[in-house]
Amino acid sequence: MTRVVTVAGGCFAPGHLGELTQIVPFEMVDAALAETRRMQQRLRVLPSRVVVYLLLAAGLFTEVGLSQVWTRLCAGLDKLAVARPSPSALAAARVRVGAVPLRALFDLLRGAETGCVQVGTARASRPGVFWRGRLVTAVDGTILCCPDTPANLTQFSKGGGHNGGTGYPMVRVLALVACGTRTIIDAVFGTDRTGEIGYAHQLLRSTRTGMIVLADRNFAAAAWIAALSQTGADMLVRVKNHRRLRGGFRRAGRIVRRP
């Protein structure tokens, strides 16, 4: 079988990794760069668009450095004269573009509609995507390690322990996910010294009427449940058997509905 893949020309050619540009097209990356004013002022060996794809690919290959990620980006371009930037040039380009365009790109990709309707009729009709007309979502968190650098240590702390603690700073990530399609609707992160419920309020910007939010017992906090109720979303929160919910909420089984 043969397959034709359209590749940008010149120094824009790197930035292709399988289906990556099918999910995140060039136009979307350029729009995020233009919105955040991070488009290159002059054409470089590493245009801003290519640097964004480099950083996206770095999230897929977390076990290797930027130079090896660059090699993977260019693996299918053996017939083109592709630049071979040094590790220091890649690091400098990463600093030049920064994290702001990636936040803007995430905002373009995320959203409740992205989690259900726009994925196509076939995927939206999968079991588990909707329940009684509501988009089924879940909120939960995890902890990840980040590089042990002085800059990271100003924001994140190492884990504790009897033998001196962990070797890497810890980052807590909290996400709201569409269960049927596994699409991330929204996500926040920060130091692990703040608990999950401390970040949960930031996810309320993405909850709405027509959505049911599943959560474990760590989220059975009256203030968060009340705030979630005000967004119009329904909820299913796991609680302990002896827990009595107050504040005007009624419980039918384990479903806590908005008043």
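Described below are features of the structure shown in this document. Just so we're clear, the structure is a prediction, and the values are computed from it rather than from any experiment. (Residues numbered from 1 in each chain as written. Predicted model: local features only at pLDDT ≥ 70, side-chain atom pairs only at ≥ 80, totals over all residues. Heavy atoms only, no water.)

What about the overall build of the protein?
Then, number 1: What the protein contains, in helices and strands, is eleven helices and nine strands.
Then, number 2: Burial status across the protein gives 37% buried among its 259 residues.
Then, number 3: Once local pairs closer than 6 in sequence are excluded, the contacts in the protein between residues at least 24 apart make up 53%. (Helix = DSSP H or I, 4+ residues; strand = E, 2+ residues; numbered from the N terminus. Buried < 20%, exposed > 50% of the residue type's maximum accessible area, 1.4 Å probe, protein only. Contact = heavy atoms within 4.5 Å.)

A look at the packing of aromatic side chains
To describe a pair of aromatic rings, you give the distance between the ring centres and the angle between the ring planes.
Then, number 1: A complete count under the given rule lists two aromatic pairs for this structure.
Then, number 2: With centroids separated by 5.9 Å and ring planes inclined at 85 degrees, the aromatic side chains of Phe26 and Tyr53 adopt a geometry described as edge-to-face. Remark: Tyr53 occurs in helix α3 (residues 48–60) and Phe26 occurs in helix α2 (residues 26–35); sequence separation between them is 27 residues.
Then, number 3: For Tyr53, a relative accessible area of 1% corresponds to the buried category.
Then, number 4: With centroids separated by 5.5 Å and ring planes inclined at 50 degrees, the aromatic side chains of Phe219 and Trp224 adopt a geometry described as tilted.
Then, number 5: A relative accessible area of 3% places Trp224 in the buried class.
Then, number 6: If you follow Arg72 out to its NZ or CZ, it ends over the ring of Phe61, 5.1 Å from the centre. (Phe/Tyr/Trp six-rings, centres within 6.5 Å; stacked < 30°, edge-to-face > 60°. Lys NZ or Arg CZ within 6 Å of the ring centre and 35° of its normal.)

A closer look at the side chain of Glu196
Then, number 1: With respect to the helices, strands and loops of the structure, Glu196 is situated in helix α10 (residues 196–200).
Then, number 2: Buried charge without a partner: Glu196 forms no salt bridge, and the closest opposite charge is Arg172, 4.6 Å away.
Then, number 3: Among the polar contacts made by the side chain of Glu196, one reaches the side chain of Asn218 at a distance of 3.5 Å.
Then, number 4: The contacts of Glu196, once residues within four sequence positions are left out, are Asp140, Gly141, Arg172, Leu174, Asn218 and Phe219. (Lys, Arg positive; Asp, Glu negative; His and termini not counted. Salt bridge = Lys/Arg side-chain N within 4 Å of Asp/Glu carboxyl O. Polar contact = N/O pair within 3.5 Å; in protein donor to acceptor, adjacent residues only side chain to side chain.)

Remarks on the pairing of strand β2 (residues 134–145)
Then, number 1: Strand direction decides the pairing type here: strand β1 (residues 130–131) and β2, joined by two bridges, are antiparallel. Of the residues in β2, the one forming a bridge with Phe130 is Leu135.
Then, number 2: If you look at the hairpin formed by β1 and β2, you'll find two residues sitting between the two strands, and Arg132 has a positive phi there, around 50 degrees.
Then, number 3: As judged from the four bridges shared by β2 and strand β6 (residues 211–215), these two strands associate in the parallel manner. Each residue of the ladder has a partner; that of Ala138, found in β6, is Leu214.
Then, number 4: As judged from the nine bridges shared by β2 and strand β4 (residues 169–178), these two strands associate in the antiparallel manner. (Pairing = 2+ DSSP bridges.)

Some words on empty space enclosed by the protein
Then, number 1: Taken as a whole and judged by the stated rule, the model has one cavity of 30 Å³ or more.
Then, number 2: Taken together, Val139, Leu176, Ala200, Leu203, Leu204, Thr207, Val213, Trp224 and Leu228 form the lining of the largest cavity.
Then, number 3: Of the residues assigned to the lining of the largest cavity, the class counts are eight nonpolar, one polar and no charged. (1 Å grid on protein atoms, 1.4 Å probe; cavity = no way out; pocket = protein on both sides within 12 Å on 5 of 7 lines; lining within 4 Å. Points joined across faces, edges and corners; volume = space filled by probe spheres on them. Nonpolar A, V, L, I, M, F, W, Y, C, P; charged D, E, K, R; others polar.)

What to know about the environment of Leu144
Then, number 1: Locating Leu144 in the fold gives a position in strand β2.
Then, number 2: Not counting residues within four places of it along the chain, the set of residues in contact with Leu144 comprises Pro169, Met170, Val171 and Val173.

Examining the pattern of salt bridges
Then, number 1: All chains considered together, the criterion is met by four salt bridges.
Then, number 2: Its salt-bridge partner being Asp234, residue Arg134 comes within 2.6 Å of it at the nearest N-O pair. Taken together, the residues span a long stretch of sequence, with Arg134 in strand β2 and Asp234 in strand β7 (residues 234–237) at a distance of 100 residues.
Then, number 3: For Asp234, a relative accessible area of 10% puts it in the buried group.
Then, number 4: Taking the shortest distance from any N to any O, the salt bridge between Asp148 and Lys158 comes out at 3.1 Å. Placement of Asp148 in the loop between β2 and α9 (150–153) and of Lys158 in strand β3 (residues 157–158) is noted, with a sequence separation of ten residues between them.
Then, number 5: Among the residues examined, Asp148 registers a relative accessible area of 36% and is labelled partly exposed.

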